[in-house]
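Structure at a glance
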Amino acid sequence: MSTAKEYLDFLFQQNPEFFSQPPEPSTLTEEDLHWMEQQLGYSLPAQFQAFLTCYQLEEIMVYLTFCGELAASLYYSFSKEKHGYLPSDSIDFVVVDFKWYPIYGTSGSDYLTQFKHDELCECWLTAGFIHIGDFYMESYYVFYDLLTGKVYYIHNEEIMESPVDWDDRGNIRHFMLNHASILCNEWNDFLHLVCLGEPYDEDNMLFLK
């Protein structure tokens, strides 16, 4: 798989229960994308543009399997059979819930509204970071960096307890690049992670078949 449509089609075909209805096609145009870039003050990376112009995404919950240092540090693993978290019985693999925030609308303005769904999202967006979801009982925030095309994760307490001035985008960028960890090197790797469900070594950013 190499395109956003292929990844999302696979996710819907394999797990239609994650969706309340089949994904609606995106109606974003080139003019919408250009307007969004003007409003954001950042270019939209090509892979992310392809995603935005593919489908409209409602909020969904998917499940990720980690097998790196992060996995070893988590005490609980999500059980699909029990529909909840249980003490982890493995030091190698852990399953976590990932809440993927909605990205939809009929115009660029609608999409920007989704990107700014709370105060933190709006502040981080000024620094080029889109808050795209949370995992492990919403303990870790996941951000997409429009400048580098990378996907980062960071524990919510690191943000909430930091002395960062939320009105200074330079400080936010400096903080994130020094405290957040890279989850995926590019957007399509992130789609691979959330749509295919393969175990993922987040330390080396490798998928295990």
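Residues numbered from 1 in each chain as written. Predicted model: local features only at pLDDT ≥ 70, side-chain atom pairs only at ≥ 80, totals over all residues. Heavy atoms only, no water.

1. Observations regarding the environment of Cys54
Inspection of the secondary structure puts Cys54 in the loop between α3 (46–52) and β2 (55–56). With a relative accessible area of 13%, Cys54 lands in the buried category. Measuring from C-alpha to C-alpha, the distance between Cys54 and Thr3 comes to 9.5 Å, with 51 residues separating the pair along the chain. Residues within four places of Cys54 in sequence aside, it is in contact with Ala4, Lys5, Leu8, Pro25 and Ser26. (Helix = DSSP H or I, 4+ residues; strand = E, 2+ residues; numbered from the N terminus. Buried < 20%, exposed > 50% of the residue type's maximum accessible area, 1.4 Å probe, protein only. Contact = heavy atoms within 4.5 Å.)

2. Some thoughts on the packing of helix α2 (residues 30–40) against helix α5 (residues 108–115)
Relative orientation of the contacting elements α2 and α5 amounts to 45°, with a least axis distance of 9 Å. When the interaxial angle is binned, α2 and α5 end up oblique. Judged by the sense of rotation from one axis to the other, the crossing of α2 with α5 is right-handed. Side by side, α2 and α5 meet where Asp32, Trp35, Met36, Gln39 and Leu40 of the first sit next to Gly108, Ser109, Tyr111, Leu112 and Phe115 of the second. When grouped by side-chain class, the residues that make up the contact of α2 with α5 number six nonpolar, three polar and one charged. (Axes fitted to C-alpha atoms, helices over the stretch in contact; angles between N-to-C directions. Parallel < 35°, antiparallel > 145°, perpendicular 65-115°, else oblique. Left-handed = near helix turned anticlockwise from the far one by under 90°. Nonpolar A, V, L, I, M, F, W, Y, C, P; charged D, E, K, R; others polar.)

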